[in-house]
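# Reading the structure
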Amino acid sequence: MNQGDLLVTETVILELAQCRRSAGAGVRAPIVATKGRNGPGAKGAQEGGDVTDELKQLPDAVPAGAKPAGEIRARWAWVEAEVWTERMLTALEQGVLGGKWFSLMDKVYALPNLRQAFAGVKANRGAAGVDHVTVKEFERHLEANLEKLSRTLRDGSYHPQAIRRVWIPKPGSREKRPLGIPTVRDRVVQAALRAVLEPIFERDFAAHSYGFRPNRGCKDALRRVDTLLRAGYSWVVDADLKSYFDTIPHPALLARMREKVTDSKVLGLLEAFLTQKVMETAERWTPEEGTPQGAVISPLLSNLYLDPLDHAMAVAGFEMVRYADDFVILCRSEAEARAALERVQGWTAQAGLQLHPVKTRIVDATQRGGFDFLGYHFERGKRWPRRKSLDKLKDTIRAQTRRTHGHSLPAIITNLNRTLSGWFEYFKHSRPFIFADLDRWVRRRLRSILRHRRGGKGCGRGWDNVQWPPAFFAEHGLLSLSAARALACPSSRR
């Protein structure tokens with residue numbers, strides 16, 4: 001082909017590309033016309049994708065049968081609208097060229113995104129970090145603080161501050177677990193980063209993953225477990241990942257991120273968060289693995305790292321239900337459960353993770369013993385709060401019903417009702433005797449307060465039960481768990 005023919009051919013290709021851009025509504029799906037001398041660094045459309053040195057014949061921007069923009073927006077109603085435009089959402093559903101996104105950093109530091117990120121941080125009412133700046137103090141000069149964040153993110157001068165590490169008790173245990181508290185400004189940036197990245201990965205996350213995902217939660221995971229148990233999947237692999245959040249290998253995690261994100265500034269920001277210095281008393285150290293519990297971005301990263309396990313188990317035909325690092329695999333036979341456990345052991349070893357040697361086990365849920373999952377205990381076709389869940393509730397109520405409590409009885413009951421109603425909403429599908437026992441225990445605590453105020457000692461008993469019967473506390477507005485359960489689950493007798 002001579003030079004004149006080459007010029008004509010290129011002109012036709014470029015005109016065709018322009019026509020397709022003009023005809024399409026929503027996402028730009030360009031045709032990339034390149035010569036043989038074009039290198040791999042050539043740029044494509046801003047919304048993502050890789051460019052090769054061959055002519056790509058791409059589909060129309062909105063192919064026949066594509067869903068209207070309004071339907072796409074409805075399916076992704078939870079995303080930040082200031083970040084995820086109609087064009088980007090269409091690209092998200094149809095898939096970007098090469099399956100990779102770039103030029104995302106400008107979405108992270110956009111002021112509308114940072115404002116929305118701060119709103120989320122404020123709603124969580126977290127504590128101050130190592131700089132001692134509270135959410136309230138940050139808000140006093142909100143626009144100035146956000147503009148500074150935006151500027152430093154844009155010019156590359158932003159660096160995360162150290163994480164303040166505290167140790168909090170594990171429910172029903174004497175052990176403690178670490179909690180990382182980033183500064184308010186770092187939590188804002190992490191929230192803004194998550195708003196950009198989460199939809200990209202959420203699109204392909206497995207259906208049986210329920211933890212820290214939009215429009216999903218513990219109750220959905222529990223319903224799935226209950227459905228499988230009723231369907232005869234009674235052999236259960238009760239798995240426990242040892243120190244999961246603290247042991248995720250950074251290089252492997254970043255490699256997972258690079259499978260869909262190629263923006264070097266975003267990847268660099270993410271790596272900076274993973275390697276933030278940790279401050280505990282006067283010491284500092286830089287973690288080489290893990291993602292700190294308490295960081296805004298951690299739930300997304302933890303789901304991202306375990307997502308290949310989700311898909312591997314689904315492809316193998318196993319019924320796994322996962323909430324963050326807590327998961328069970330429900331099987332129809334012991335042999336199937338052992339095969340599932342063997343597959344998980346192989347995957348975790350390759351991924352640099354470790355199953356807890358004592359807590360990971362295979363159980364027959366139709367026999368005595370059962371298994372715990374997300375606060376519930378499942379055994380022989382029934383379910384009730386696990387021991388640690390009950391202990392945690394009682395510890396909270398004990399703190400609210402000390403005999404020396406100086407508040408009035410109505411004030412104490414009002415505070416109690418908030419605790420009881422929240423706990424009941426989660427555990428209302430438990431066996432009825434649980435609620436009757438708790439009702440009696442709570443009334444006994446309140447009788448002890450009244451007895452103490454009359455100069456008596458010890459727990460409420462004997463005559464106290466007569467002068468302060470259940471009707472007395474009902475008249476003062478105390479929530480009855482038994483009555484609430486009867487109204488919420490009238491057909492259940494178990």
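Values in this document were obtained by computation on a predicted structure and should not be read as measured data.

### Notes on the overall build of the protein chain
- Each helix and strand in the protein chain was counted, giving 20 helices and 11 strands.
- The burial tally for the protein chain puts 43% of its 494 residues in the buried class.
- Here the analysis covers contacts within the protein chain between residues at least 6 apart in sequence; of these, 69% occur between residues at least 24 apart.
- Carbon together with sulfur atoms contributes 52% to the accessible area of the protein chain, which is approximately 25,200 Å² in total.

### Section: the pattern of salt bridges
- Applying the stated criterion across every chain yields a total of 23 salt bridges.
- Asp-204 is the partner of Arg-203 in a salt bridge, and the nearest nitrogen-oxygen pair spans 3.1 Å.
- Between Lys-428 and Glu-425 there is a salt bridge, with its nearest N and O atoms 3.2 Å apart.
- Here Glu-425 falls in the partly exposed class, since its relative accessible area comes to 38%.
- Through salt bridges with shared partners, a single ionic network connects Arg-203, Asp-204 and Lys-260.

### So, the sheet that holds strand 10 (residues 376-379)
- If you trace the three strands from one edge of the open sheet to the other, you get 9-10-11, paired in antiparallel fashion. The open sheet is flanked by strand 9 (371-373) and strand 11 (382-385), the only strands paired with a single partner. Each strand axis lies, on average, 30° off the axis of its neighbour in the sheet, ignoring direction.
- Pairing of strand 9 with strand 10 involves three bridges; the strand directions are antiparallel. Paired with Phe-371 across the two strands is Phe-378, which belongs to strand 10.

### As for the sheet that holds strand 8 (residues 361-364)
- Spatial strand order, 6-7-3-8: four strands in an open sheet with antiparallel pairing. Edge strands, defined here as strands with exactly one partner in the open sheet, are strand 6 (319-323) and strand 8. Across this sheet, the average inter-strand angle for adjacent strands is 20°, counted without regard to direction.
- Of the pairings in the sheet, the one linking strand 3 (residues 235-240) to strand 8 comprises four bridges and is antiparallel in character. Residue Asp-238 lies in a different strand from strand 8, and its bridge partner there is Arg-361.
- Lying over the sheet, helix 9 (residues 218-230) contacts strand 3, strand 6 and strand 7 (326-331), oriented at roughly 160° with respect to strand 6.
- Across the face of the sheet, helix 13 (residues 298-315) comes into contact with strand 6 and strand 7 while running at roughly 170° to strand 6.

### Some remarks on the nonpolar core
- In this structure, Val-188 and Ile-329 are the most contacted members of the largest nonpolar core, which totals 75 residues.
- Per-element accounting of this core gives the leading share, 10 residues, to helix 8 (residues 184-202).
- Other than its neighbours up to four places away in sequence, Val-188 contacts Leu-114, Ala-117, Phe-118, Val-121, Phe-138, Leu-146 and Leu-149.
- Among the nonpolar cores identified, the runner-up in size contains 45 residues, and Phe-371, Tyr-376, Leu-420 and Trp-441 belong to it.

### Focus: helix 3 (residues 86-94)
- Turning to helix 3, its buried residues number three or more, namely Met-88, Leu-89, Thr-90, Ala-91 and Leu-92.
- Gly-95 sits one or two positions beyond helix 3 and adopts a positive phi of about 95°.

Definitions and limits used
Residues numbered from 1 in each chain as written. Predicted model: local features only at pLDDT ≥ 70, side-chain atom pairs only at ≥ 80, totals over all residues. Heavy atoms only, no water. Helix = DSSP H or I, 4+ residues; strand = E, 2+ residues; numbered from the N terminus. Buried < 20%, exposed > 50% of the residue type's maximum accessible area, 1.4 Å probe, protein only. Contact = heavy atoms within 4.5 Å. Areas by Shrake-Rupley, 256 points an atom, 1.4 Å probe, with all protein chains shown as cover. Salt bridge = Lys/Arg side-chain N within 4 Å of Asp/Glu carboxyl O. Pairing = 2+ DSSP bridges. Axes fitted to C-alpha atoms, helices over the stretch in contact; angles between N-to-C directions. Core = buried A, V, L, I, M, F, W, Y, C linked by side-chain atoms within 4.5 Å.

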